[in-house]
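Below, each chain spelled out in residue letters.
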Amino acid sequence: WQTETPSIDIVLKIKGEEKYIAIELKNKLKAISGECTRFGQTSQKKELVKNQSAQNIGRYQFWKDVKRLELLKESYKNVIGGIALFLTNDANYLKTTKGADYEDFGMSENLKKDGVLEWGEFKKVDTKTLVNNKKRKKSPPIKLSNSYSPRWENNIFTIQDTVNFHCCTVIV
């Protein structure tokens, strides 16, 4: 996201104009087990989707996508906006992160996000200590140019009668 030409998941061109909208997609899922039918044959019950835990990293990556969209919009006059979409069946993403080390990366409904987002552990340490910190280099603070409030659509679809999917959207 800090490169000159960031990769973008989807780019839409407005018909008849040289205007573009960039879309970043992210999905983080809890494990799903069950039968699967492929090519007319049903398999035995097995893990269909692996667990993608580490909600702290998933949240960080989402806000990194938002920053990537901001940079794209700021860098290219024909990019008129962006949409960050996050699909999950893990209801933990909808919950508050208050008090957690990753509180800045919360995605709760209507939570206002702006300014610098960074890991809690780095807020308590002097800058000299941070210079060689591997986590700090791998996941640097994210400085948002604008203010955003995540919007969630809950239970957008259900599979196996019990696995509900939710989608978070931020418009840039």
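Before we go on, may I ask you to explain the overall build of the protein in this structure?
A count of helices and strands for the protein gives four helices and eleven strands. A total of 172 residues make up the protein; the buried ones form 35% of that total. Look at the contacts in the protein between residues 6 or more apart in sequence, and 61% of them connect residues 24 or more apart. On the protein, roughly 10,700 Å² of surface is accessible, and the fraction owed to carbon and sulfur atoms is 49%.

Can you walk me through the packing of aromatic side chains in this structure?
For any pair of aromatic rings, the description rests on two quantities: the centre-to-centre distance and the angle between the ring planes. Following the criterion strictly, the structure yields eight aromatic pairs and no others. Relative to W152, the ring of F86 has its centre 6.4 Å away and its plane inclined at 80°; by these criteria the two rings are edge-to-face. Remark: W152 occurs in strand 10 (residues 151–159) and F86 occurs in strand 7 (residues 79–88); sequence separation between them is 66 residues. Of the two residues, F86 and W152, both sit in the buried class. One aromatic cluster in this structure is built from F62, W63, F86, Y93 and W152.

Looking at this structure, how should I read the sheet that holds strand 11 (residues 163–171)?
Two modes of strand pairing occur in sheets, parallel and antiparallel, and in both the strands are linked by backbone hydrogen bonds. Reading across from one edge, 1-2-7-11-10 is the order of the five strands in this open sheet, with mixed pairing throughout. Only two strands of the sheet have a single partner each, and these edge strands are strand 1 (10–13) and strand 10. Here the average twist between neighbouring strands, direction ignored, is 25°. By the bridge criterion, nine bridges tie strand 2 (residues 20–28) to strand 7 in an arrangement that is parallel. By the bridge assignment for strand 7, A22 is matched with G82.

Could you clarify how one ought to interpret the environment of E47 in this entry?
Examined against the element boundaries, E47 turns out to sit in strand 6 (residues 46–49). Sequence-wise, E47 and C36 are eleven residues apart; in three dimensions their C-alpha atoms are separated by 9.5 Å.

What is the right way to look at unusual backbone geometry in this model?
Excluding glycine, a negative phi dihedral is what most residues carry, and trans is how most peptide bonds are arranged. Of note, N110 is a non-glycine position whose phi angle comes to about 65°, a positive value. Along the chain, N110 falls in the loop between strand 7 and strand 8 (113–117). Backbone geometry at N155 places phi at a positive 50°, although glycine is not the residue there. Here N155 lies in strand 10. Among the residues examined, N155 registers a relative accessible area of 44% and is labelled partly exposed.

Sorry if this is basic, but what is going on with the pattern of salt bridges here?
A pair can form between side chains of opposite charge whenever their charged atoms are brought close. Tallied over the entire structure, the rule returns seven salt bridges. A salt bridge links D65 to K26, with the nearest nitrogen and oxygen atoms 3.1 Å apart. With D65 in helix 1 (residues 55–75) and K26 in strand 2, this residue pair connects regions lying 39 residues apart in the sequence. Both residues of the pair, D65 and K26, count as buried. Close ionic contact of E103 with K98 constitutes a salt bridge, the shortest N to O distance being 3.8 Å. With relative accessibility at 31%, the residue E103 sits in the partly exposed group. By sharing partners, the salt bridges in this structure join E24, K26, D65 and R68 into a single network.

Just checking my understanding: could you explain a nonpolar patch on the surface for this structure?
On the surface, a nonpolar cluster with roughly 230 Å² of combined accessible area is contributed by I10, L12 and L25. With respect to the helices, strands and loops of the structure, I10 is situated in strand 1.

Basis of the calculations
Residues numbered from 1 in each chain as written. Predicted model: local features only at pLDDT ≥ 70, side-chain atom pairs only at ≥ 80, totals over all residues. Heavy atoms only, no water. Helix = DSSP H or I, 4+ residues; strand = E, 2+ residues; numbered from the N terminus. Buried < 20%, exposed > 50% of the residue type's maximum accessible area, 1.4 Å probe, protein only. Contact = heavy atoms within 4.5 Å. Areas by Shrake-Rupley, 256 points an atom, 1.4 Å probe, with all protein chains shown as cover. Phe/Tyr/Trp six-rings, centres within 6.5 Å; stacked < 30°, edge-to-face > 60°. Pairing = 2+ DSSP bridges. Axes fitted to C-alpha atoms, helices over the stretch in contact; angles between N-to-C directions. Salt bridge = Lys/Arg side-chain N within 4 Å of Asp/Glu carboxyl O. Patch = residues over 30% accessible without salt bridge, like charges linked within 9 Å, V, L, I, M, F, W, Y side chains within 5 Å.

On their own, these measurements won't tell you what the molecule is for.
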